[in-house]
Amino acid sequence: MSRSRLPLALAGAVLVCLTVLLPDAAQAQFGIRGGPLGVARFAVGHVLGLARLRHGRMAVRGGRTRDAALRSQDPRGAERGQVANPYILRAAMTAQAALSGWHGGRRPQGWWRHPDGSYGWIGPVFWPFAHDDLTTAIVFGDTTSLSLYGYGDIYAAIFAPYAAPELAAYTAPQGRRGRRVPSVEAVCDSSDTGGLPVDRIAAAVQPNEMQRTALDDLGAAWTAARDTIRAACPAQAAMSAAERLGAMQARLDAMIKATDAIAPALGKFTDLLDEDQKARLESLAMERRAALASAQHKDAQTASACDADSDPRYDVKAQRQYEQLVQQQWPAADIAATLKLDDTGRARLDVLQDTTLRTMETLSPCAMKDAAATPQARLAAVKTRLQTMLQAVGGVTDALDDFEFDLGDAQKAAFEAIGPKRGM
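Keep in mind it's a predicted model, so treat the numbers as computed, not measured.

Some words on the state of the cysteines
Part 1 of the reasoning: Tallying each qualifying case throughout the model produces one disulfide.
Part 2 of the reasoning: One disulfide bridge connects Cys188 with Cys233, the sulfur atoms lying 1.5 Å from each other. Residues Cys188 and Cys233 share a disulfide whose torsion about the S-S bond is about -75°; that sign makes it left-handed. With Cys188 in helix α8 (residues 184–190) and Cys233 in the loop between α10 (209–231) and α11 (241–271), the pair connects residues that are 45 residues apart, well separated along the chain. In this pair, the class of Cys188 matches that of Cys233, namely buried.

Have a look at this one:
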């Protein structure tokens, strides 16, 4: 078999194995679908997400990404003269950064990845492309990446994939290891790749002098929003589940504040546009959707899983897979035995598990519908999603606080060690 075909064959073999063995605790994927009982679609979404993951995984295995990929660049750019799929590049960039500090960079993928192959946690950094995702969702109407944040990231905050030394590598002084593990600053600085495409908007709407001034003001507000999000990047690694959930809350709160800062300038600019200009502005979103539709094969099962009329209660296989997955992800008996929990501790663990699992349905990864047909409406929808996630993280934080209230230091240390051990 030629060298060029070997990575494809290996990736295909891994895909088949993972599909047969699903669900596996070390490969758990968080592709939960929405609906009345959206949690039952968890395992099904895992299988569907692996097809998209394959491309990002091959990019990492093939060595086409390096730490240089973390330099500021536009993932919507070109690679080798061809138009690049932004999600494939995103998956490759985040995988290289997320896995370089995990198990010494020896693993081809980690269990906390998103269905598209990207990562919501890169070492101690949560939501590395936060500002870029806001721009893509509000301006271009593409909420694909934003919608993938949810249960999986909260679960990864509780059961951290990284051991303490691996997290520390992201904040250690630059040295020999620093050339392989990107610093927190590098991740935070490189993740905001696009910003507001002022020139592209101007080319589309052909603004007059007053409108151009308003557009420049909007660009300035967008930059200020980026700075607000950047300021929420961690200065050091969070070493406990409570601290990681706190980092999530800080990041989400900063993103919500960013939307509030953008809203007045966005409203002022769009209010100055006539109907024809508004239509041309909206054409940017239509072009984005058309480009993605031509670049990606939309699986019919994926669309069905996100259909509000689809009822998983009658999908016995999906229900069984979900129940098995929950048992493997939350081995309550093993945790209780390891921590030597009494009845009260076990009851509090059950509450933590139930509270976290409920975020599967609360934070469906199905992309927002096209009902939000204006930038202002999309901004409002994005803010609502962020607020929902912030509330969900807050609920899990409260449940975790209750669970750890009576635990001793040794028990807390044992609980923290469960994550890295289960990620092996």
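Observations regarding the packing of helix α4 (residues 130–140) against α10
Part 1 of the reasoning: With their axes 9 Å apart at the nearest point, α4 and α10 run at an angle of 140° to one another. In this view, α4 runs oblique relative to α10, as classed from their interaxial angle. Considering how the two elements wind past one another, α4 and α10 form a crossing that is right-handed. Residue-level contacts link Ala130, His131, Leu134, Thr135, Ile138 and Val139 of α4 to Trp222, Ala225, Arg226 and Ile229 of α10.
Part 2 of the reasoning: When its residues are assigned to classes, the contact of α4 with α10 shows seven nonpolar, two polar and one charged.

Quick word on the environment of Gln411
Part 1 of the reasoning: Relative to the helices and strands, Gln411 resides in helix α18 (residues 409–422).
Part 2 of the reasoning: For Gln411, a relative accessible area of 21% translates into the label partly exposed.
Part 3 of the reasoning: Each residue touching Gln411, except ones within four places of it in the same chain, is listed here: Leu339, Lys340, Leu341 and Asp406.
Part 4 of the reasoning: Looking at Gln411, its side chain comes within polar contact range of the main-chain oxygen of Leu339, at 2.7 Å.

Structural notes on the packing of aromatic side chains
Part 1 of the reasoning: Throughout the structure, instances matching the rule amount to 16 aromatic pairs.
Part 2 of the reasoning: Members of the aromatic cluster, each reached through a chain of ring pairs, are Trp102, Trp111, Trp112, Tyr119, Tyr151, Tyr155, Phe159, Tyr162, Tyr170, Trp330, Phe403 and Phe415.

Quick word on the nonpolar core
Part 1 of the reasoning: Within the largest apolar cluster, 90 residues are counted, with the highest numbers of intra-cluster contacts made by Trp112, Trp127 and Phe415.
Part 2 of the reasoning: Sort the elements by how many residues they give to this core and α11 lands first, with 11 residues.
Part 3 of the reasoning: Ignoring any residue separated from it by four or fewer positions in sequence, one finds Phe415 in contact with Ile158, Phe159, Ile335, Leu339, Leu352, Leu400, Phe403 and Glu404.

Brief notes about the confidence of the model for the chain
Part 1 of the reasoning: Mean pLDDT for the chain: 75, with 67% of residues reaching 70 or above.
Part 2 of the reasoning: Contacts from residues 1–83, a stretch scored under 50 in pLDDT, to residues over four places away or in other chains number 184 contacts.
Part 3 of the reasoning: Confidence drops under pLDDT 50 across residues 297–304; counting only partners more than four residues distant or on other chains, this segment forms seven contacts.

Here we look at the environment of Asp274
Part 1 of the reasoning: As for its placement among the helices and strands, Asp274 is situated in the loop between α11 and α12 (275–295).
Part 2 of the reasoning: Separated by 69 residues in the primary sequence, Asp274 and Val205 have C-alpha atoms spaced 9.4 Å apart.
Part 3 of the reasoning: Here Asp276 takes part through its backbone nitrogen, which lies 3.1 Å from a polar atom of the side chain of Asp274.
Part 4 of the reasoning: Polar contacts involving the side chain of Asp274 include one to the main-chain amide nitrogen of Gln277, which spans 2.7 Å.

Things to note about the pattern of salt bridges
Part 1 of the reasoning: The final tally for this structure, using the stated rule, is 11 salt bridges.
Part 2 of the reasoning: In this structure, Lys383 and Asp260 form a salt bridge, with 2.7 Å as the shortest nitrogen-oxygen distance. On the criterion of sequence distance, the pair formed by Lys383 in helix α17 (residues 375–404) and Asp260 in helix α11 is long-range, its members being 123 residues apart.
Part 3 of the reasoning: The exposure class of Lys383 is partly exposed, given its relative accessible area of 23%.
Part 4 of the reasoning: According to the relative accessible area criterion, Asp260 is partly exposed, its value standing at 37%.
Part 5 of the reasoning: The residue Arg378 makes a salt bridge to Glu282 at a minimum N-O spacing of 2.9 Å.

Some points on unusual backbone geometry
Part 1 of the reasoning: The phi torsion at Gln206 lies on the positive side, around 50°, for a residue other than glycine.
Part 2 of the reasoning: Mapped onto the secondary structure, Gln206 falls in the loop between α9 (198–205) and α10.
Part 3 of the reasoning: For Lys340, which is not a glycine, the phi torsion comes out positive at approximately 55°.
Part 4 of the reasoning: Of note, Lys340 is situated in the loop between α15 (332–339) and α16 (343–362).
Part 5 of the reasoning: For Lys340, a relative accessible area of 67% gives the class exposed.

Criteria and cut-off values
- Per chain, residue numbering runs from 1 following the sequence as it is written.
- Reporting in this predicted model follows two pLDDT cut-offs: at least 70 for local features of residues, and 80 or more for side-chain atom pairs to be given and counted; totals over whole chains, interfaces and linings ignore these cut-offs and use all residues.
- For the side-chain quantities, the full set of heavy atoms in the structure was used; hydrogens and water were omitted.
- Any two cysteine sulfur atoms lying within 2.5 Å of each other are counted as a disulfide.
- Each helix is a run of DSSP H or I of at least 4 residues and each strand a run of E of at least 2, with the numbering of both proceeding from the N terminus.
- With a 1.4 Å probe rolled over the protein chains alone, any residue whose accessible area is under 20% of its type maximum counts as buried; one over 50% counts as exposed, and the rest are partly exposed.
- Convention adopted: a line fitted to C-alpha atoms gives each axis, helices being fitted over their contacting stretch, and angles between N-to-C directions are expressed from 0 to 180 degrees.
- An angle below 35 degrees is treated as roughly parallel, one above 145 as roughly antiparallel, one from 65 to 115 as roughly perpendicular, and anything else as oblique.
- For any pair of crossing helices, the crossing counts as left-handed if the nearer helix is rotated counterclockwise from the farther one by less than a right angle, and right-handed if it is rotated clockwise.
- By the convention used here, residues are in contact when the closest approach between their heavy atoms is within 4.5 Å.
- The nonpolar class holds Ala, Val, Leu, Ile, Met, Phe, Trp, Tyr, Cys and Pro. Asp, Glu, Lys and Arg form the charged class, and all remaining residues, Gly among them, are polar.
- A 3.5 Å cut-off defines polar contacts: any pair of N or O atoms within that distance qualifies, except that in protein one atom must be a possible hydrogen donor and the other a possible acceptor, and neighbouring residues in sequence count only when both atoms are side-chain atoms.
- Between the rings of Phe, Tyr and Trp (Trp by its six-membered ring), a pair exists once the centres lie within 6.5 Å; its type follows the angle of the planes, with under 30 degrees stacked, over 60 edge-to-face, and the other angles tilted.
- Each nonpolar core is a collection of buried residues, namely Ala, Val, Leu, Ile, Met, Phe, Trp, Tyr and Cys, held together in the definition by side-chain atoms within 4.5 Å.
- The score called pLDDT rates the predictor's confidence residue by residue, from a low of 0 to a high of 100.
- A pair is scored as a salt bridge if a Lys or Arg side-chain nitrogen falls within 4 Å of a carboxyl oxygen belonging to Asp or Glu.

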